[in-house]
Structure formats: C-alpha cells, structure tokens
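Close look at the chain arrangement
Chain residues, written in single-letter form:
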Amino acid sequence: KSKFSEAQVARILPMMAEVGASLEPPVRFSYGGMMGATRDSHRLIEFARSKGGPAKQNELVECLFQAYFENEKSMGDDAVLLECAERVGLDRGEAEEALRTDAFGDEVDEAASRW
C-alpha cells in the first residue's frame, strides 16, 4: 500500500519540482529509480559523520540524494553507496568495511525506532 494517495502525489510532485528548480545547484527530480531498503545508506551516512563530522555527512547525503532523486540509482546497491563515499573523499576500503560489518547499525536502528 502506498503512503500517499494519488491525489496527494499529484499535489506533491509539482511542489517538489518547483523547490528543486529553486536550489543551487538545481535538483531535477526523476521518479524512475528503484525503491528499496535504505538501512545501509543510513549506516554509511553515520560512518561519514564519524570521519568528518556533520559537514562530511551532509556531503554524502547530497551525493546520495543526487544519485537517487536525479540519476535513478538504487540506495540498496553497494556500488552506488561506495561511489558516493569516494566522491566525497571517504576511504573506499573503510567504507566497504563499514558496510560489510554492520557498523553503525545499532545507531541507525535506534534512530529508526523513534520515527
């Protein structure tokens, strides 16, 4: 079952396009990407924070948003996650290790339990 009704989606999409176009650089939302589990992307975001604080965390989030919302990439694909990690200057080997070992899983699960 969808979180939003068709009528809600019809109102939300134009609003998102308007907001995206107003940003610098603009965000050109695309809606053909694969939906899937995002736990690993959230764990990688926590990894980025541990390596470079909120600034590095934000850089990674921006890269992941671009990959998903503009380039229709899957957040469940480790290759996509690692590409963004490298793009923002994180060590690929350390990022791979974090994904492989469930690092930051408890933190992500704790945060998700509050939503």
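Above: the structure in question.
Residues numbered from 1 in each chain as written. Predicted model: local features only at pLDDT ≥ 70, side-chain atom pairs only at ≥ 80, totals over all residues. Heavy atoms only, no water.

Turning next to the pattern of salt bridges. Applying the stated criterion across every chain yields a total of 12 salt bridges. Here Arg49 makes a salt bridge to Glu46, at a shortest N to O gap of 2.8 Å. With a gap of 3 residues between them, Arg49 and Glu46 both fall in helix 2 (residues 39-70), about one helical turn apart. We classify Arg49 as partly exposed; its relative accessible area is 34%. Through salt bridges that share partners, Arg39, Asp40, Arg43, Asp102 and Asp109 make up one connected network. (Salt bridge = Lys/Arg side-chain N within 4 Å of Asp/Glu carboxyl O. Helix = DSSP H or I, 4+ residues; strand = E, 2+ residues; numbered from the N terminus. Buried < 20%, exposed > 50% of the residue type's maximum accessible area, 1.4 Å probe, protein only.)

This next bit is on the state of the cysteines. Under the definition given, this model contains 1 disulfide. Each sulfur in the disulfide pair Cys63 and Cys84 lies 2.4 Å from the other. The sign of the -80° torsion about the S-S bond sets the Cys63-Cys84 disulfide as left-handed. Of the two residues, Cys63 sits in helix 2 while Cys84 sits in helix 3 (residues 78-87), which places them 21 residues apart along the sequence. Like Cys84, Cys63 is buried. (Disulfide = S-S within 2.5 Å.)

Moving on, we get to the packing of helix 3 against helix 4 (residues 92-101). Contact geometry for helix 3 and helix 4: axes closest at 9 Å, N-to-C directions at 140°. The orientation of helix 3 with respect to helix 4, classified from their angle, is oblique. Considering how the two elements wind past one another, helix 3 and helix 4 form a crossing that is right-handed. Contacts between helix 3 and helix 4 involve Asp78, Leu81, Leu82, Glu83, Ala85 and Glu86 from the former and Arg92, Ala95, Glu96 and Leu99 from the latter. (Axes fitted to C-alpha atoms, helices over the stretch in contact; angles between N-to-C directions. Parallel < 35°, antiparallel > 145°, perpendicular 65-115°, else oblique. Left-handed = near helix turned anticlockwise from the far one by under 90°. Contact = heavy atoms within 4.5 Å.)

With that settled, the discussion passes to a nonpolar patch on the surface. The grouping of Phe4, Val9, Leu13 and Tyr31 at the surface amounts to a nonpolar patch, some 330 Å² of accessible area in total. By secondary structure assignment, the location of Phe4 is in the segment before helix 1 (6-22). Using a relative accessible area of 39% as the deciding quantity, one classes Phe4 as partly exposed. (Patch = residues over 30% accessible without salt bridge, like charges linked within 9 Å, V, L, I, M, F, W, Y side chains within 5 Å. Areas by Shrake-Rupley, 256 points an atom, 1.4 Å probe, with all protein chains shown as cover.)

Shape descriptors only; they carry no functional weight alone.
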